[in-house]
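# Per-entry structural report
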Amino acid sequence: MVLDSTGPRRRAEFYRSLLGPVYASGDEPPGVGEPDGRGQERLVLPTEEGTPQPAFQHVDRLTPSARPEGSVPQQPHLDLSVASRDDLRVQHERVLALGGRLLSDNEQGPDEPFRVYADLSGHPFCVFVA
């Protein structure tokens, strides 16, 4: 899944910190004081097996989803799962510490507890108990 971003490096760092993958070869952050040409265009976070996962590409303008109001559609998004409500609470704290924002809380849902967040670009993603 490729997600548009006005700041691909910042957004990739959010998901890399949250999910744990490493950058594709050549997409790593540059050294201190060095230009970040790749981080201005497109970055990929592959799995350990090398399968591409989220990618982030530059756009000049991005209109974030207005979820849950609905004036701007939810758009394609990531659904992430955890094993328990306790894990959901732990991930909640991680998401907030990384700069994510809570949009909707259904932790007390009887069947599939979940929370909806906005990432640094305002794009929604979900964390639910599988």
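Structure report, in brief.

About the cut-offs
Residues numbered from 1 in each chain as written. Predicted model: local features only at pLDDT ≥ 70, side-chain atom pairs only at ≥ 80, totals over all residues. Heavy atoms only, no water. Helix = DSSP H or I, 4+ residues; strand = E, 2+ residues; numbered from the N terminus. Rg over C-alpha atoms; globule rule 2.2 N^0.38 Å. Buried < 20%, exposed > 50% of the residue type's maximum accessible area, 1.4 Å probe, protein only. Contact = heavy atoms within 4.5 Å. Areas by Shrake-Rupley, 256 points an atom, 1.4 Å probe, with all protein chains shown as cover. Lys, Arg positive; Asp, Glu negative; His and termini not counted. Charge placed at Lys NZ, Arg CZ, Asp CG, Glu CD. Polar contact = N/O pair within 3.5 Å; in protein donor to acceptor, adjacent residues only side chain to side chain. Pairing = 2+ DSSP bridges. Axes fitted to C-alpha atoms, helices over the stretch in contact; angles between N-to-C directions. Expected span 1.5 Å × (residues − 1). Arc of directions from axis to C-beta. Phe/Tyr/Trp six-rings, centres within 6.5 Å; stacked < 30°, edge-to-face > 60°. Lys NZ or Arg CZ within 6 Å of the ring centre and 35° of its normal.

Another point: the overall build of the protein chain. Secondary structure assignment for the protein chain yields 2 helices and 7 strands. Going residue by residue from the N terminus, the α and β elements of the protein chain occur as β-α-β-β-β-α-β-β-β. In terms of C-alpha radius of gyration, the protein chain reaches 15 Å, essentially the compact-globule figure of 14 Å for 130 residues. Summarising its shape, the C-alpha atoms of the protein chain cover approximately 50 × 35 × 25 Å along the three principal directions. For the protein chain, the residues scored as buried account for 39% of the 130 residues in total. The contacts in the protein chain between residues at least 6 apart in sequence include a share of 52% that link residues at least 24 apart. Carbon and sulfur atoms provide 50% of the accessible area of the protein chain, an area that totals close to 7300 Å². Placing the 13 positive and 20 negative side-chain charges of the protein chain at their respective mean positions leaves the two points 4 Å apart.

A few words now on the side chain of S5. Here S5 lies in strand β1 (residues 2-5). S5 sits in the buried class, given a relative accessible area of 0%. A polar atom in the side chain of S5 sits 3.0 Å from the backbone nitrogen of G7.

Attention shifts here to the sheet that holds strand β4 (residues 78-82). Here 4 strands make up an open sheet; going across it, the order is β4-β7-β6-β5 and the pairing mixed. Two strands in the sheet have a free side with no partner beyond their single neighbour: β4 and β5 (101-106). On average, adjacent strands in this sheet sit at an angle of 20° to one another, irrespective of strand direction. With respect to the sheet, helix α2 (residues 85-97) is in contact with β4, β5, β6 (114-118) and β7 (124-129), its orientation differing from that of β6 by roughly 10°.

Across the 6 residues that make up β7, a large majority, 6, are buried. Here β7 shows no split at all, with P124, C126 and F128 on one side and F125, V127 and V129 on the other all buried. With 5 bridges connecting them, β6 and β7 associate as antiparallel partners. Each residue of the ladder has a partner; that of F114, found in β7, is F128. Connecting β6 to the next strand, β7, in antiparallel fashion are 5 residues, including G122 with a positive phi near 85°.

Relative to the 18 Å expected for 13 residues at 1.5 Å per residue, α2 spans 19 Å between its end C-alpha atoms, a close match to the ideal helical length. Residues of α2 that are buried include every one of L88, Q91, H92 and V95, and no others. For α2, the arc enclosing every buried residue in end-on projection is 115°, short of the 170-degree limit, so these residues lie on one face. Relative to its buried face, α2 has exposed residues pointing more than 90 degrees away, namely D86, E93 and A97. Two residues or fewer after α2 comes G99, characterised by a positive phi angle close to 105°.

Another point: the packing of aromatic side chains. Per the stated rule, a full pass over the model turns up 5 aromatic pairs. Their ring planes at 65° and their centres at 5.9 Å tell us that F14 and F125 sit as a pair that is edge-to-face. In this pair, F14 sits in helix α1 (residues 8-19) while F125 sits in strand β7, placing the two residues 111 residues apart along the sequence. Centre to centre, the rings of Y15 and F125 are 5.7 Å apart; their planes meet at 70°, and the pair counts as edge-to-face. Of this pair, Y15 sits in helix α1 while F125 is found in strand β7, placing the two residues 110 residues apart along the sequence. Of the residues examined, Y15 reaches a relative accessible area of 0% and is grouped as buried. Residue F125 is classed as buried on the basis of its relative accessible area of 0%. Taken together, the aromatic side chains of F14, Y15, F56, Y117 and F125 make up a single cluster linked through ring pairs. Lying over the aromatic face of Y23, R9 brings its terminal NZ or CZ to 4.9 Å of the ring centre.

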